[in-house]
Amino acid sequence: MTNTYKNILSKIDFTPNEDWLQIKTIDMHTGGEPLRVIVSGFPELKGDSVLDYRRYCREHYDHLRTALMFEPRGHADMYGCILVPPNDDEGDFGILFLHNEGYSTMCGHAIIAISTLAMEMGWVDVQEGVNTLKIDAPCGRITSFTTVEEGKVKGVRFHCVPSFVVGLDRTAEVPGLGTVTYDLAYGGAFYAYVDMDKNQFDFDLTPESYRALIQSGMDIKHAVMDADKEILHPFEEDLSFLYGTIFIGDSLNEGVASRNVCIFAEGEVDRCPTGSGVSGRMAIHRARKELEQFETLSIESITDSVFVGSWVSEEDYGPFTAVIPQVEGTAHITGKHTFCIDPNDLMKDGFILR
């Protein structure tokens, strides 16, 4: 064994320079969709609510979002979150969602993952059975229920914010695709839901159509944004925007009812069935009288991972009749990082090549 190789084996700790920012994260995935949980090193955010913290982060520290989500530390489909104080003393904590375009209003896969991590890290007093967390997202309070058996997390279900249908079977003219029929619904974020059976496309919902799905999903999103003037949240202007396109089709696997492929933000492809997207679908199925209260629907993603959706109650929400959806899934920890940001690095704020 050479002396150089011996030195390599004995000197594996790296000490960054004092002027380097160090941000520690725990990385996870829910159904294949990544979540980079920032646990320390991010500057303190100011405000009195989750929406305040979101605005402050966007105005003052957006370069850190891109540094952690973009290359070389991340990639075009990276996703992350920052934990912040809750909106009031009834909540356990708040959460901000980060991605390649900015800051989303709701993220079901992140709720499943952070609920799992809260148990694994002992952030709360973990009990055998069902553990309840009240999490304040930009869209409102989410209640999650994490099942623990013999000290191990077995799964998470959460109740989303009131979810509602704005319109069914609407149409938009999309360059290259023609007239596209879609449903517009909200499940913590607004989506255009495009049923493959109601539209004729030259692509399917498999990984082989990945590029076509991105392009078509973004084209549909922009066309709907231009054509549909009802992408308006009844109470919060900050929530009034179209987040993505969700293609709906038949399942490719026995025992699963349906398939979701979500194209969101700036062309990100969700690896999981999309928790907020499943929430909106529960409102659609209720509006079409296709799903009774507590009846479940299994929905797979482009990676074949599965969420189970249902709706547990109904309520008036501004001008809408909304449902409270329940979404079930599992998450796993994949690693931990200490990211160093060298102020002299010309690429310190990140970049994207797709």
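Quick note: structure is the one above.
Residue positions are given per chain, counted from 1 along the sequence in the order it is written. Local features in this predicted model are restricted to residues whose pLDDT is 70 or higher, and side-chain atom pairs enter the listing and the counts only when it is 80 or higher, whereas totals over whole chains, interfaces and linings include all residues. In computing side-chain properties, one takes all heavy atoms of the structure into account and sets aside hydrogens as well as water.

**Digging into the side chain of Thr66**
Thinking step 1. Helical segments are the DSSP runs of H or I of at least four residues, strand segments are the runs of E of at least two, and each set is numbered from the N terminus. Within the secondary structure, Thr66 is located in helix H3 (residues 62–69).
Thinking step 2. Polar contacts here mean pairs of N or O atoms no more than 3.5 Å apart (in protein, one a potential hydrogen donor and the other a potential acceptor; neighbouring residues in sequence count only if both atoms are side-chain atoms). Within polar-contact distance, the side chain of Thr66 engages the backbone oxygen of Asp349 at 2.7 Å.
Thinking step 3. Other than its neighbours up to four places away in sequence, Thr66 contacts Asp349 and Gly350. Every residue pair with non-hydrogen atoms within 4.5 Å of one another is taken to be in contact.

**Describing the packing of aromatic side chains**
Thinking step 1. In this scheme Phe, Tyr and Trp rings, the latter by its six-membered ring, pair at centre separations within 6.5 Å, and the angle between planes marks the pair as stacked below 30 degrees, edge-to-face above 60, and tilted otherwise. Here the structure, examined in full by the defined rule, presents 16 aromatic pairs.
Thinking step 2. Taken together, a centroid distance of 5.5 Å and an interplanar angle of 80 degrees make the contact between Phe203 and Phe247 edge-to-face. On the criterion of sequence distance, the pair formed by Phe203 in the loop between strand E10 (190–195) and helix H5 (210–227) and Phe247 in strand E11 (residues 242–250) is long-range, its members being 44 residues apart. Both residues of the pair, Phe203 and Phe247, count as buried.
Thinking step 3. Charge over a ring is defined by NZ of Lys or CZ of Arg lying within 6 Å of the ring centre and within 35 degrees of the ring normal. Geometry around Tyr103 places Arg65 over its ring, the cationic atom sitting 5.6 Å from the centre. Using a 1.4 Å probe on the protein chains alone, a residue whose accessible area is under 20% of its type maximum counts as buried, one over 50% counts as exposed, and one in between counts as partly exposed.

**A look at the environment of Ser251**
Thinking step 1. On the secondary structure map, Ser251 appears in the loop between E11 and strand E12 (258–264).
Thinking step 2. Residues Ser251 and Ser313, spaced 62 residues apart in sequence, show a C-alpha to C-alpha distance of 27 Å.
Thinking step 3. Looking at Ser251, its side chain comes within polar contact range of the main-chain oxygen of Val256, at 3.3 Å.
Thinking step 4. For Ser251, the side chain forms a polar contact with the side chain of Glu300, separated by 3.1 Å.

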